[in-house]
Amino acid sequence: NAGVTQTPKFQVLKTGQSMTLQCAQDMNHEYMSWYRQDPGMGLRLIHYSVGAGITDQGEVPNGYNVSRSTTEDFPLRLLSAAPSQTSVYFCASSYSRDGEAFFGQGTRLTVV
Amino acid sequence: DAKTTQPPSMDCAEGRAANLPCNHSTISGNEYVYWYRQIHSQGPQYIIHGLKNNETNEMASLIITEDRKSSTLILPHATLRDTAVYYCIVRVGTGSGGSYIPTFGRGTSLIVHP
C-alpha cells in the first residue's frame, strides 16, 4: 500500500514550458486535491475532485488544469510555466468528505 | 468553513506537554475541528479530529470547550520529533454546506527544545 505517490520529486522548468505533475493513490479514495505551498505560507488549494470525471477550482486555479479520468490518478498540468509558479506542490486524497486527508511527499518545482 | 486563529509560534521543553490553542469562535453546529501537522516541508499528516467531545488517540488529545469556540491540541510528552507546524481546521463533516476539501491557514510553528 503506497498511499499517495507524487512524481517527480524535483523539477526545474524554463518560463513558458508546460509539464504535468503526477499524483496517484492506491486507497480507492474519491476525493483528491492539489495544493501549493510557498515559503512561510500555509497550503493553498489549486483544484480538487470529488470523483472520477468531476473537478472543481480551489483558491488559486489560474495557470493550472486538472482532469480525473480514473479514481487513482489526478494529474496537475501547468500550461505555460511562470516564475510565480515556483513552489512546492502537494497532492492529497481522502475516502470521504469528513475523512482524514493523506498527503504525498510533494513536488518541488522551480521555474526560471 | 469557520475561520480559525492560532498563535504563529510556540516552544516547549522535551518531555513536557505541548498545549496548542485554536480559536474558532464562528464555528457552527455541524463543523468538526481537525488537526494536522507538517514536519519540515513533508506532506501534512492528520492527527485527530472531533465535534464536541474530547478525543484521544495514540498521537494526541483534543480538548474542545463546551461552547465549542476554542480547542486545544495536547501532545502529552513532546519529543524533538514533534517539532512541526500544526494546523487547526474547522469544516463540515457531512451534509450540506462548507467545503469538500480542507483549507489550511498558516498554523502554529512548534519548536520542541532539549
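Up top is the structure these notes are about.
Read on for a plain summary of the structure. Source: prediction; values computed, not measured. (Residues numbered from 1 in each chain as written. Chains lettered and ligands numbered in written order. Predicted model: local features only at pLDDT ≥ 70, side-chain atom pairs only at ≥ 80, totals over all residues. Heavy atoms only, no water.)

## Some details on the state of the cysteines
When the sulfur atoms of two cysteines share a covalent bond, that bond is a disulfide.
So, step 1. Counted under the stated rule, the structure contains two disulfides over all chains.
So, step 2. Each sulfur of the disulfide joining A:Cys23 and A:Cys91 lies 1.8 Å from the other. Measuring the twist about the S-S bond at about -70°, one finds the A:Cys23-A:Cys91 disulfide to be left-handed. Of this pair, A:Cys23 sits in strand E3 (residues 19-25) while A:Cys91 sits in strand E9 (residues 87-94), placing them 68 residues apart in sequence. Residue A:Cys23 shares its accessibility class with A:Cys91, and that shared class is buried.
So, step 3. Shown here is the disulfide that connects B:Cys22 with B:Cys88, its sulfur atoms set 2.1 Å apart. Looking along the S-S bond of the B:Cys22-B:Cys88 disulfide, the torsion reads about -80°, which is the left-handed sense. Of this pair, B:Cys22 sits in strand E2 (residues 18-23) while B:Cys88 sits in strand E8 (residues 84-92); the two residues are 66 residues apart in sequence, bridging distant segments of the chain. (Disulfide = S-S within 2.5 Å. Helix = DSSP H or I, 4+ residues; strand = E, 2+ residues; numbered from the N terminus. Buried < 20%, exposed > 50% of the residue type's maximum accessible area, 1.4 Å probe, protein only.)

## Overview of the sheet that holds strand E9 (residues 108-113) of chain B
By way of backbone hydrogen bonds, the strands of a sheet pair with one another, either parallel or antiparallel.
Residue and element names in this part refer to chain B.
So, step 1. The strand order across the open sheet built from five strands is E1-E9-E8-E3-E4, with neighbouring strands paired in mixed fashion. Where the open sheet ends on each side, the last strands, each with one partner, are strand E1 (9-13) and strand E4 (45-50). On average, each strand axis in the sheet is tilted by 25° relative to the strand beside it, whichever way the strands run.
So, step 2. Alignment of strand E3 (residues 31-38) against E4, held across five bridges, turns out to be antiparallel. Residue pairing for E4: Tyr-34 is matched across the bridge by His-49. (Pairing = 2+ DSSP bridges. Axes fitted to C-alpha atoms, helices over the stretch in contact; angles between N-to-C directions.)

## What about the sheet that holds strand E7 (residues 64-66) of chain A?
All names here are of chain A.
So, step 1. One open sheet holds the four strands; their spatial order is E1-E3-E8-E7, and the pairing between them is antiparallel. Single-partner strands in this sheet number two, and they are strand E1 (4-7) and E7. Taking each pair of neighbouring strands and ignoring which way they run, the sheet shows an average axis angle of 20°.
So, step 2. Where E7 and strand E8 (residues 76-78) come together, three bridges link them in antiparallel fashion. The residue bridging Val-66 from the neighbouring strand is Leu-76, located in E8.

## A look at the interface of chain A and chain B
So, step 1. Between chain A and chain B, the contact holds 22 residues from the first and 25 residues from the second.
So, step 2. Across the interface of chain A and chain B, roughly 1900 Å² is buried in total on both sides, 54% from carbon and sulfur atoms.
So, step 3. Of all residues in chain A, A:Leu43, A:Arg97 and A:Asp98 give up the largest surface area on contact with chain B, accounting jointly for 36% of the area buried on that side.
So, step 4. Here chain A and chain B share zero salt bridges between them.
So, step 5. Counting across the chain A and chain B interface gives four residue pairs in polar contact (both at pLDDT 80 or more).
So, step 6. Mapped by element, the contributors of at least two residues to the side of chain A that touches chain B are strand E4 (31-37) and strand E5 (43-51) of chain A. (Contact = heavy atoms within 4.5 Å. Buried area = accessible area lost by both parts, 1.4 Å probe. Salt bridge = Lys/Arg side-chain N within 4 Å of Asp/Glu carboxyl O. Polar contact = N/O pair within 3.5 Å; in protein donor to acceptor, adjacent residues only side chain to side chain.)

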